[in-house]
Structures are given as structure tokens and as C-alpha cells.
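Analysis of the macromolecular model
Residues per chain, in single letters:
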Amino acid sequence: MKREALAKKLANLAVQSLLDEVNLTPKPGLVDTQNNGSHTDLHLALMHASASSLYDTFYEMARLSYDAQPTVALRESFGAIGREGEAVMLQVTNGVNTHKGAIWSLGLLISAIARRKGRVRLANVFNDAAELAKLPDCFIPNVQTNGLSIKERYGISGAREEAQQAFPHIRVLAYPTYVKALQSMDERRAKLYTLLSLIAYVNDTCIVHRGGLEGLHYAKKIAQQTLVNFTEHQLQMMDQQFQQRNLSPGGSADLLAATLFVYEFNQSVRGVRDGETNVYISS
């Protein structure tokens, strides 16, 4: 696929994956079409505006990476685009961090697909993303983030390490869970089931930031229980419980959006399929 066409396609799919995630309802502790979850500074319209504002960021990341081998120079240019996109996002949201983690994860996946001009084995998408994520960027601001604070205090890694390890929670958990769920559920329920699976097994730093290790253990336990008794009522109850404890699984939401992005791109092109773990993305 040509550079411009692929860049537009990837940017559109990335924005749509963010919109699909936020519109998914009901979600525990997260903004959706019913309520604002555990957030007092976020609402649905703001999340929509934030997602839409990132189109140019994703487009430029794809153009940059098209048919390009990962180098330190590429990594630094990629990071610069991401920081510019974050600044645009914060301007749209009046300073509220809505999609910083998603810029990183979706951007790396976009870069990986563009690197091979849209023709890439699914496993290589994650491996190529990890290869870029591991490269240094000397222009990263030296500031203390919530993720760094949690890593220092609890030893729990976050979005950076997830990418550097080739997205294990997408590759091994979320993607195969979503594909399997679609065989017996409608699309909305399959997405909710996949989100619950992520909450149940990911060390979500957004949850830890709000509720500490106790909140993380609680969230995982209730998510695992809800997976066994997966009903709309249980999801509503879980949402209420998360709000009462001020918990929000934002990291899991970002991973769900990234999962949907990779799945939808794979569905949008004709590929050679050989089981769930050997899917070829091609143009």
C-alpha cells in the first residue's frame, strides 16, 4: 500500500479504536455513554474531542515509519511527533491527560505496520513495535510521571515496558480473548469481556495510582469473578464498586483500544490465515 493511503488508513483506524473504546458501555470506573466513571474531570464529549485531535499525530507517525528501519534518529523523530500530539491533546482537553498512554501504544503499532508497508505478520507487528520502543530518545523530558512513581514505589512496570516486551497483554491475552469471544458473543459483549480479562490480569498502573496495591488486588479479584458470571447486571455493579473506591482501569482501556486497532486493521485487508497466532496482515 502506498505511503499516503496507508498513513490515512492507520490514522483513521487508530482514532476509531479510541472512539470505540470510550463508547463501549458499561465499563467499570471509566467514561462511557452512561456516566463519567470515577472521573470528575472527564466526560464523553471531551474524550471524543481528544481522540479526534490525534488523527494528525497518528498520520505523521505512519508517514515517518513507512518502509523505514528503526534507528535512534527515527525513535527521536517518533517521540517528537508523540510529544507534539500530546500538546495538542492537552490543549483540546484544557490540560487533562486523556490519551497519553494511547499515543505511545497505538503510535508504536502504527509505526510497526507502516515499517513493512502494511504487509506484516501479526507477531512481527508486536516485535517491530518493541524494537522501536527499546531505542533511546535523549529528548524525553526528565520529569516525574505517575508511571515512574509507581515503578519506583511498587516495582510495577507500565506502558513503556509493556511495549518493550512486545505487548504481551495484547499478544497473549487480549487479542486471542477477543477473537475467541467473537465466536460466541456479539461485538459489544466481546469487547467488554476482553476489557474484563485485561483488568483481571494486568498490573494496571492507573488503578495503582488511585488505589494502591490494595485497589489493584481488589480490581483483579472482582474482574475475575465477573468473568465467571458475565452479565450486564454484574458489569453495572462493578462500575458502582469501582466508583465508590475511585478506581479507573485506564491502562486496560488503552490496551483494549490497541487490541481493537490491530484486529480491525487485520480485518480490513486480505490476509493469509493459519490459526489465531499466524495471521498475516497484507495489502
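The following refers to the structure shown. Counting starts from 1 at the beginning of each chain's written sequence and moves along it residue by residue. Local features in this predicted model are restricted to residues of pLDDT 70 or higher, and side-chain atom pairs are both shown and tallied only at a pLDDT of 80 or more, whereas totals for entire chains, interfaces and linings draw on every residue. Side-chain calculation: all heavy atoms of the structure are included, whereas hydrogens and water are not.

Between the rings of Phe, Tyr and Trp (Trp by its six-membered ring), a pair exists once the centres lie within 6.5 Å; its type follows the angle of the planes, with under 30 degrees stacked, over 60 edge-to-face, and the other angles tilted. Within this structure, the stated rule accounts for 5 aromatic pairs. A ring pair is formed by Tyr-55 and Tyr-59, whose centres lie 6.2 Å apart and whose planes are at 10°; its orientation type is stacked. With a gap of 4 residues between them, Tyr-55 and Tyr-59 both fall in helix α3 (residues 55-65), about one helical turn apart. Throughout this description, buried means an accessible area under 20% of the type-specific maximum (1.4 Å probe, protein chains only), exposed means over 50%, and partly exposed covers the range between. A residue is classified by how much of its surface remains accessible, and Tyr-55, at 26% relative accessible area, is partly exposed. A relative accessible area of 15% means that Tyr-59 is categorised as buried. Members of the aromatic cluster, each reached through a chain of ring pairs, are Tyr-175, Tyr-178 and Tyr-263. Positioned above the aromatic ring of Trp-104, the side-chain terminus of Arg-160 is 5.0 Å from the ring centre. Secondary structure elements follow DSSP: runs of H or I of four or more residues count as helices, runs of E of two or more count as strands, with numbering from the N terminus. The criterion is that NZ of a Lys, or CZ of an Arg, lies within 6 Å of the ring centre and within 35 degrees of the ring normal, and then a charge sits over that ring.

Turning our attention to the pattern of salt bridges. Throughout this description, the term salt bridge denotes a Lys or Arg side-chain nitrogen within 4 Å of a carboxyl oxygen of Asp or Glu. Here the structure, examined in full by the defined rule, presents 12 salt bridges. Between Asp-137 and Arg-83 there is a salt bridge, and its shortest N-O distance comes to 3.2 Å. Of this pair, Asp-137 sits in the loop between α6 (122-133) and α7 (146-154) while Arg-83 sits in helix α4 (residues 72-92), and the two are 54 residues apart along the sequence. Its relative accessible area of 25% is what places Arg-83 among the partly exposed residues. Lys-100 is the partner of Glu-86 in a salt bridge, and the nearest nitrogen-oxygen pair spans 3.9 Å. Here Glu-86, found in helix α4, pairs with Lys-100, found in helix α5 (residues 100-115); they are 14 residues apart in sequence, far enough to count as distant. In this structure Lys-100 comes out as partly exposed when scored by relative accessible area, which is 37%. Three or more residues are tied together by salt bridges with common partners; here these are Arg-115, Arg-116, Asp-128 and Glu-131.

Purely geometric numbers; function is a separate question.
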